[in-house]
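A look at the structure
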Amino acid sequence: MDTTNWTKLLRLALRRDRVYLTCWIVGLVALGTLFVPIFPQVAGSEAEMATLGEMMNNPAMVAMCGLRYGGDYTMAIMYTQMMLVWMALAFAAMSILLVARHTRGDEEAGRLEVLRSLPVGRSANLLAVAVLAVIANAIPAALIGLIMPVFQVDTIDLPGSLVSGAALGACGLVFAAFTLIVAQVMPSSRGTTGVAMAAMGVAYLVRAYGDVSAPNVALATPFGLIEKTEPFYTNAYWPVWVSLGAAVILGAVGLWLNRARDLGLGLLPQRPGRAHAPRLLGGELGLGWRLIRGTLIAWAATVFVVAAAYGSVMGDMAGFIESSEVYQQLMQVTPGQADLVSPIVATLQLIMAIIGAVPVILAVNRLAGEEKKGRLDQVYGTAASRRRLFLGHALLAGLAAVVMQLLAGLGFGLIARSAMKTNPVDLGLVLRVAANYWPALLAFGGLALCLVGWAKRAAAVTWAYLVAAFLLAYLGGMLDLPRWAGRLTPFGLLQRYPVEAFSLWPWLGLVVAAVALAWAGLVGYRRRDIT
Amino acid sequence: MPDATIAITGLKKAFGRVQALDGVDLTVQPGEIYGFIGPNGAGKSTTIRVALGILKADAGRAAIFGQDAWRDAVAIHHRLSYVPGDVNLWPNLTGGEVIDLLVRLKKNGDRQYRRELIERFEFDPSKKCDTYSKGNRQKVALVAAFSTDADLYILDEPTSGLDPLMELVFRDCVRKVAAEGKTVFLSSHILSEVEQLCDRLSIIRQGRIVDTGSLREMQHLTRNQVHAEAPQPLSGLAGLPGVHDLEVKPGEATFRLDNAQTATVMGYLAAQGVTRVVSTPPTLEELFMSHYGDAADAAGSPTAATAAVPDAARLATQRPTTQG
Ligand SMILES: Nc1ncnc2c1ncn2[C@@H]1O[C@H](COP(=O)(O)OP(=O)(O)O)[C@@H](O)[C@H]1O
Ligand SMILES: [Mg+2]
């Protein structure tokens, strides 16, 4: 295997990626450590921790987050249960994107061809990428292990933190090495990223199933494996060694496959796609749908799963809330209130509605994104009209809002009904709560449409506003903010149904405002340059 | 007289502080193959995008088929086909899907001819667009444009990335629609392409049209290259009007001649007992360089360019045939 000059390629990659990698590393470390000081505020007393431990042992929470292990439910174990698998997902995503970018990404951009013409070994790039992945995983892994104990949170000690970090880095490396193989096999760069990411998603779901009902199955996935390190409890290192061993073997296979591969081609031939467009792909609306189809489906699934997870905790929730003052504040429940379910439904559906607003905004902003990528020139060179393309996206965004709210209501309501043994929540009520928030999603879509028409570079404004809405909704109760502050967002303008009586005027008002914003956006869109 | 197919007057367009178009005038008559040449950044694409109603003019007027390019864009576009200068495709769609989509957005495609074009361009429509090279992306746009029926074809540097064989196929396509009486507007920075296809042309530089006319009309603007051989010395040429860049060797002379002075110079040559005269008309390359070769003079008076242009011109305009 010829790896001549691979160190030079590594240095080049490090130089090229200095900003990219720094962002990832800072992001991963921040995600992995900054919640540590916040956790003690969620639950304080031992009794509260015990209740939380009960709640987190609920199958839906185990499926979504991870295993609840160990004897007493400590702060450290709660932190690990909630964070380890999700952090591992982030490490895996970073590794996949990094490897795909430096293998097939560089090949497709023609950068590797230039390098290959120099005295560089056939396997030099792959080796450099492998070492790059080791660096990119080791640094955040070590930093997380060292920084977590710094906050002096009870039970979060150095040995447990170190094994947590090591587990994350090892898991990332498994996916990096796996992607090295995928990059040899798949016919394109997009295919490489897609297959590796899909494998990551499948591994997560298999682990979810396994953790709930078949522990050995979970162990076969990288995520289930590293859960067995049981940080802050047994602090076992064997899953780390097994992961690293697997990574070495996968990486070696990748290097071996790479020897015989042509530059720019995968071992699998490109599977031919459709030579003709399906009937649906025609006209402005068909184009719009095709552009955002994947995004909407992925978000619809996400919304449903999260709603179902929220629904599943409803059974334990009422009891838990009664005992937790902080949660009472978070959920804006008045102590002694007879109906504990209504405020929870209102708050959880509000969170769901905020999540549901994301795909609505994404659907709208895709229109500006297409323009930025220069793909609308050819579209507007045909008889496509700006009005129809704009309104098509607006319509799809509005429908997305309906679907997201419907799924949020159904996912939550159906699962909650079966999880609550006494006084199950009424599905119709949940759906009405979801419908109550629907105009808020429309309003965010309308704002985004208005910006596409008048200030296409200001798309970030919509996102900032949504984040603000989330913070106000989620933390507003804890912070004792004045009533008017809550009214600064579309969600706050609506009544907190079913805690408060439904009121038609703010509901209709938001619908009208959304339509007006969309219309204003259309006026701007029809009179500006498409560049 | 019917409406001009394209009528552009006094068109101005600025991007921030960059004045991309600074008063462009252009008229294309029905049935013409019209060339639009200029170096990169001259404003060709901007002119076209204003004419398509994708960009809004700051001042001036652009009309196609007698209709306003901005206001009636959709109606106009039912009758034209466009190949953009930068073809950016959706990575997750196949080439065939994009062709169908673009054709359906116009609603008058010819499926039979689509198949024929795909064959002639040796194009595989079942691959995802992210695997296509620049030339293949160009083919997507070309097949989509030529497989719909249109009265006007607007082609913005359509052959970039095509290999020479595919350029021939492209030229056939243009000649075919031209033979049907359709109008073709072809922008290019490659001169031989325009030279081979176009009836008339405009030259744009820094957002202004610096010259317009048929190839023949434009040749009077520059000088023929003359090579003469005679038994008697030809050094007297140096004193004659209209002779430039003279090189005299024993028995022969080479120079560039203003067409207006042809009679005088030929008289002198005859008197010297000339045995052989070769006069070569300027290629479009030279014509082009007489506008752009000397940046200071080019905009004002094309004929004022006096530098030893031809060699530089040939070097500078060697065709970049294939890239990718
Ligand atoms: N969207 C834009 N934003 C800013 N400047 C632009 C834009 N489009 C074109 N320009 C500028 O306008 C000038 C003309 O560009 P263009 O029409 O693309 O030239 P050509 O097609 O002749 O190469 C160039 O200086 C270019 O940089
Ligand atoms: Mg251009």
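Residues numbered from 1 in each chain as written. Chains lettered and ligands numbered in written order. Predicted model: local features only at pLDDT ≥ 70, side-chain atom pairs only at ≥ 80, totals over all residues. Heavy atoms only, no water.

Here the focus is the overall build of chain B. Counting its secondary structure elements, chain B contains 12 helices and 14 strands. Considering chain B as a whole, with its 324 residues, one finds that 52% of them fall into the buried category. In chain B, once contacts between residues fewer than 6 apart in sequence are set aside, the share between residues at least 24 apart is 70%. (Helix = DSSP H or I, 4+ residues; strand = E, 2+ residues; numbered from the N terminus. Buried < 20%, exposed > 50% of the residue type's maximum accessible area, 1.4 Å probe, protein only. Contact = heavy atoms within 4.5 Å.)

Residue and element names in this part refer to chain A. For the pair helix α6 (residues 75-108) and helix α9 (residues 158-185), interaxial distance at closest approach is 8 Å and the crossing angle is 35 degrees. Between α6 and α9 lies a crossing of right-handed hand. Residues Leu-84, Met-87, Ala-88, Phe-91, Ala-92, Ser-95, Ile-96, Val-99, Ala-100, Thr-103 and Arg-104 of α6 pack against Ser-164, Leu-168, Gly-169, Cys-171, Gly-172, Leu-173, Phe-175, Ala-176, Thr-179, Leu-180 and Ala-183 of α9. Along the lines of polarity and charge, the residues of the contact of α6 with α9 split into 15 nonpolar, 6 polar and 1 charged. (Axes fitted to C-alpha atoms, helices over the stretch in contact; angles between N-to-C directions. Left-handed = near helix turned anticlockwise from the far one by under 90°. Nonpolar A, V, L, I, M, F, W, Y, C, P; charged D, E, K, R; others polar.)

So, about the site of ligand 1. In the region of ligand 1, the neighbouring residues are Thr-531 of chain A together with Phe-15, Val-18, Ala-20, Pro-39, Asn-40, Gly-41, Ala-42, Gly-43, Lys-44, Ser-45 and Thr-46 of chain B. Bordering ligand 1 are residues originating from chains A and B. In this structure, an oxygen atom belonging to ligand 1 sits 3.2 Å away from a main-chain N or O atom of Ala-42 of chain B. Between ligand 1 and Ser-45 of chain B there is a distance of 2.7 Å, counted from an oxygen atom to a side-chain nitrogen or oxygen. Considered on its own, ligand 1 offers 560 Å² of accessible surface; in the complex 64% of this is hidden by protein. Only β2 (18-28) and α1 (44-51) of chain B provide two or more residues apiece to the shell around ligand 1. A per-element tally of the shell around ligand 1 places α1 of chain B first, with 3 residues. Per-class residue counts for the shell around ligand 1 are 5 nonpolar, 6 polar and 1 charged. (Near = heavy atom within 4 Å. Polar contact = N/O pair within 3.5 Å; in protein donor to acceptor, adjacent residues only side chain to side chain. Areas by Shrake-Rupley, 256 points an atom, 1.4 Å probe, with all protein chains shown as cover.)

Right, let's talk about a nonpolar patch on the surface for a bit. All names here are of chain A. On the surface, a cluster of nonpolar side chains totalling about 500 Å² of accessible area is made up of Leu-146, Leu-158, Leu-162, Tyr-237 and Trp-241. Relative to the elements of secondary structure, Leu-162 occurs in helix α9. Assessed through its relative accessible area of 33%, Leu-162 is described here as partly exposed. (Patch = residues over 30% accessible without salt bridge, like charges linked within 9 Å, V, L, I, M, F, W, Y side chains within 5 Å. Salt bridge = Lys/Arg side-chain N within 4 Å of Asp/Glu carboxyl O.)

Right, let's talk about the environment of Val-403 of chain A for a bit. Note that Val-403 of chain A resides in helix α19 (residues 386-419). By relative accessible area, which is 39% here, Val-403 of chain A ends up partly exposed.

What follows covers the environment of Ala-88 of chain A. All names here are of chain A. Relative to the helices and strands, Ala-88 is located in helix α6. Its relative accessible area of 0% is what places Ala-88 among the buried residues. Separated by 27 residues in the primary sequence, Ala-88 and Leu-115 place their C-alpha atoms 33 Å from one another. Apart from the residues lying within four places of it in its own chain, the contact partners of Ala-88 are Leu-168, Cys-171, Phe-223 and Ile-226.

Residue and element names in this part refer to chain B. The 4 strands are arranged β12-β13-β11-β14 in an open sheet whose pairing can be described as antiparallel. Edge positions in the open sheet fall to β12 (243-249) and β14 (276-280), since each of these has one partner strand only. Within this sheet the neighbouring strands show an average axis-to-axis angle of 15 degrees, counted without direction. Bridge count for strand β11 (residues 223-229) against strand β13 (residues 252-258) is 7 bridges, and the pairing is antiparallel. Residue His-227 lies in a different strand from β13, and its bridge partner there is Thr-254. (Pairing = 2+ DSSP bridges.)

This next bit is on the state of the cysteines. Residue and element names in this part refer to chain A. A complete count under the given rule lists 0 disulfides over all chains for this structure. In this structure Cys-171 is not part of a disulfide, and its nearest cysteine sulfur, from Cys-65, lies 16 Å away. The class for Cys-171 is buried, based on a relative accessible area of 0%. (Disulfide = S-S within 2.5 Å.)

Where a strand is regular, its side chains alternate between the two sheet faces. Residue and element names in this part refer to chain B. With 5 of 6 residues buried, strand β9 (residues 200-205) is to be regarded as a mostly interior element. In the sheet, β9 pairs with strand β10 (residues 208-214) via 6 bridges, with the strands oriented antiparallel. Within the sheet, the bridge partner assigned to Ile-204 lies in β10 and is Ile-209.

All names here are of chain B. Model confidence for chain B is summarised by a mean pLDDT of 84, while 85% of its residues fall at 70 or above. A low-confidence stretch, residues 294-324 (pLDDT under 50), is modelled with 44 contacts involving residues beyond four sequence positions or located in other chains. Here the predicted complex carries an ipTM of 0.78, next to a pTM of 0.79. (pLDDT = per-residue confidence, 0-100.)

Residue-level contacts link 38 residues of chain B with 40 residues of chain A. In total, chain B and chain A occlude about 3400 Å² of area from one another, counting both sides; carbon and sulfur atoms represent 55% of this. When the shortest N-O distance is used, the salt bridge between Arg-274 of chain A and Glu-97 of chain B registers 3.8 Å. Of all the secondary-structure elements, those providing two or more residues to the side of chain B that touches chain A are β1 (6-15), α2 (73-77), β6 (80-83), α3 (95-104) and α4 (111-120) of chain B. Looking at the side of chain B that touches chain A, the element that brings in the most residues is α3 of chain B, giving 6 residues. Partitioned by chemical class, the residues of the side of chain B that touches chain A number 17 nonpolar, 9 polar and 12 charged. (Buried area = accessible area lost by both parts, 1.4 Å probe.)

A separate point is the nonpolar core. In summary, soluble globular proteins display a tendency toward joint burial of nonpolar side chains. Judged by nonpolar contacts, the single largest core of 147 residues is most densely connected at Phe-491 of chain A together with Phe-146 and Phe-185 of chain B. Among the elements that line this core, the one with the most residues is helix α17 (residues 341-372) of chain A, at 17 residues. Listed in part, the 63 residues of the second largest apolar core include Ala-76, Ala-92, Ala-203 and Val-313 of chain A. (Core = buried A, V, L, I, M, F, W, Y, C linked by side-chain atoms within 4.5 Å.)

It is worth spelling out the pattern of salt bridges at this point. Two side chains of opposite charge can pair, provided their charged atoms sit close to one another. All told, the structure shown has 31 salt bridges over all chains when counted by the stated rule. With a closest N to O distance of 2.5 Å, Lys-13 of chain B and Asp-529 of chain A form a salt bridge. Linking Lys-13 of chain B in strand β1 with Asp-529 of chain A in the segment after α24 (504-527), this pair reaches from one chain into another. For the pair formed by Lys-13 of chain B and Asp-529 of chain A, the shared burial category is buried. In this structure, Asp-72 of chain B and Arg-71 of chain B form a salt bridge, with 3.4 Å as the shortest nitrogen-oxygen distance. Residues participating in the shared-partner salt-bridge network are Asp-149, Lys-176, Glu-180 and Lys-182 of chain B.

All names here are of chain A. It is the contact of helix α4 (residues 46-56) with α6, at a shortest axis distance of 11 Å, that shows an interaxial angle of 25 degrees. The angle between α4 and α6 places the two elements in the roughly parallel class. In the crossing of α4 with α6, the sense of the turn from one axis to the other is left-handed. Between α4 and α6, the contacting residues are Met-49, Leu-52 and Met-56 on the first element and Met-75, Met-78, Gln-81 and Met-82 on the second. (Parallel < 35°, antiparallel > 145°, perpendicular 65-115°, else oblique.)

A separate point is unusual backbone geometry. With omega at 5 degrees, the peptide bond leading from Tyr-497 of chain A into Pro-498 of chain A counts as cis. Within the fold, Pro-498 of chain A resides in the loop between α23 (490-493) and α24. Positive phi, normally seen in glycine, also occurs at Phe-65 of chain B, with a value near 55 degrees. Its place among the elements puts Phe-65 of chain B in the loop between β4 (59-64) and β5 (67-68). Phi at Glu-157 of chain B takes a positive value of approximately 45 degrees, unusual for a residue other than glycine. With respect to the helices and strands, Glu-157 of chain B occurs in the loop between β7 (152-156) and α6 (164-179).

This paragraph deals with the side chain of Thr-5 of chain B. The residue Thr-5 of chain B is located in the segment before β1 in this model. For Thr-5 of chain B, the contacting residues outside a window of four places in its chain are Val-28, Gln-29, Pro-30, Ala-63, Ile-64, Phe-65, Leu-152 and Thr-183 of chain B.

Below, the discussion takes up helix α9 (residues 262-271) of chain B. All names here are of chain B. Among all positions in α9, only Val-265, Tyr-268 and Leu-269 are buried. The buried side chains of α9 occupy one side of the element, clustering within an arc of 100 degrees when seen end-on. Exposed and oriented more than 90 degrees from the buried face of α9 are Ala-263, Ala-270 and Ala-271. Looking at the residues trailing α9, positive phi occurs at Gly-273, about 75 degrees. (Arc of directions from axis to C-beta.)

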